[in-house]
Amino acid sequence: MKFEEKVWQLLKRIPKGKVTTYKIIARKLNARAYRAVGRACARNPNAPRVPCHRVVMSSGKLGGYTADGSKASLLKKEGVIIRNGKVDLVKYLYDF
DNA sequence: CGCTTGACACCGT
DNA sequence: AACGGTGCCAAGC
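Sequence order sets the numbering: in each chain, residues are counted from 1 along the sequence as written. Whichever chain is written first is A, and whichever ligand is written first is 1; the rest continue in order. Totals for whole chains, interfaces and linings use all residues, but because this is a predicted model, local features are given only for residues with pLDDT of at least 70 and pairs of side-chain atoms are given and counted only at 80 or more. Only hydrogens and water are set aside; all other atoms, that is, all heavy atoms of the structure, feed into the side-chain values.

(A) Here's a closer look at the overall build of chain A. The secondary structure content of chain A amounts to five helices and four strands. Its helices and strands in sequence order give chain A the pattern α-β-α-α-β-α-β-β-α, from N to C terminus. Put simply, the radius of gyration uses C-alpha atoms, and a globule should come to 2.2 Å times the residue count raised to 0.38. Taken over C-alpha atoms, the radius of gyration comes to 12 Å for chain A, in line with the 12 Å a tight globule of 96 residues would show. Principal axes of the C-alpha set define a box for chain A whose edges measure 35 × 25 × 20 Å. Buried, partly exposed and exposed residues are distinguished by accessible area as a fraction of the type maximum, computed with a 1.4 Å probe on protein chains only: under 20%, between the cut-offs, and over 50%, respectively. Classification of the 96 residues of chain A by burial places 40% in the buried group. For chain A, contacts bridging at least 24 residues in sequence account for 65% of all contacts bridging at least 6. Secondary structure elements are defined from DSSP: runs of H or I of at least 4 residues count as helices, runs of E of at least 2 residues count as strands, and each element is numbered from the N terminus. By the convention used here, residues are in contact when the closest approach between their heavy atoms is within 4.5 Å.

So this is what it looks like as structure tokens:
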């Protein structure tokens, strides 16, 4: 299984109302390729099956895809409150 | 096989 | 606290 595939598997187990960071994901894969994780999502061939919008940066900021803005609303709908373009990692972080 | 890029992270100003 | 530079790993060309 390729690295990116594993990333998607992990993303799929993120429950609604929770978020995770690229760093955590990479760590769970026993790697330090946070950037590769981001790439995997960007390339994400299984768009609806992989909730990429639940992946944020370690700082709590949503990330590049946030430029769209519509994803933020989707997260809120799932129960994730976004404050100043950032999520409350203390409350919603899912560290597997 | 090597160089560039990317939805990032970390440390120094 | 905010901004910029540097380092990480995998994929694509």
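(B) Up close: the packing of aromatic side chains. Only Phe, Tyr and Trp rings are paired, with Trp represented by its six-membered ring, and only when their centres lie within 6.5 Å; those with planes under 30 degrees apart are stacked, over 60 edge-to-face, the remainder tilted. Under the counting rule described, the total for this entry stands at one aromatic pair. For the ring pair Tyr-94 and Phe-96, a centre distance of 5.0 Å and an interplane angle of 55° mean the geometry is tilted. You can call Tyr-94 partly exposed: its relative accessible area is 23%.

(C) Looking closely at the nonpolar core. To qualify as a nonpolar core, a set must consist of buried Ala, Val, Leu, Ile, Met, Phe, Trp, Tyr and Cys residues joined through side-chain atoms within 4.5 Å. Core analysis: the biggest nonpolar cluster contains 15 residues, and Val-7, Leu-11, Ile-25 and Val-37 have the highest contact counts within it. A total of four residues in this core trace back to one element, the largest contributor, which is helix α1 (residues 3-12). When sequence neighbours within four positions are dropped, the list of residues in contact with Val-7 reads Ile-25, Leu-29, Val-37 and Ala-40.

(D) Representation of the pattern of salt bridges. Any Lys or Arg side-chain nitrogen located within 4 Å of an Asp or Glu carboxyl oxygen qualifies as a salt bridge. Going through the model one piece at a time under the given rule, you end up with one salt bridge. In this structure, the salt-bridge partner of Glu-78 is Arg-54, at a minimum N-O distance of 2.8 Å. Taken as a pair, Glu-78 in the loop between α4 (70-77) and β3 (82-83) and Arg-54 in the loop between α3 (34-43) and β2 (55-56) lie far apart in primary sequence, 24 residues in all. For Glu-78, a relative accessible area of 19% puts it in the buried group.

(E) View of the environment of Ile-25. Within the fold, Ile-25 resides in helix α2 (residues 22-28). Taking the C-alpha atoms as reference points, Ile-25 and Trp-8, separated by 17 residues in sequence, lie 9.8 Å from one another. If we ignore the near neighbours within four places in the chain, the residues touching Ile-25 are Val-7, Leu-10, Leu-11, Thr-20, Val-37, Val-55 and Phe-96.

(F) Expanded view of the protein's contact with DNA strand B. In this text, near means that some heavy atom of the residue lies within 4 Å of the molecule or strand in question. The environment of DNA strand B is formed by 14 residues, the closest being Lys-23, Arg-35, Ala-42, Ser-58 and Tyr-65. Within 4 Å of the protein, atoms of DNA strand B come from sugar and phosphate in 44% of cases. Nitrogen and oxygen atoms within 3.5 Å of one another constitute a polar contact, given that in protein one can donate a hydrogen and the other can accept it, and given that sequence-neighbouring residues count only through two side-chain atoms. With respect to DNA strand B, the side chain of Arg-35 contributes an N or O atom lying 2.7 Å from a base nitrogen. Those elements that place two or more of their residues in the surface near DNA strand B are α2 and α3. Element by element, the count of residues in the surface near DNA strand B is highest for α3, at seven residues.

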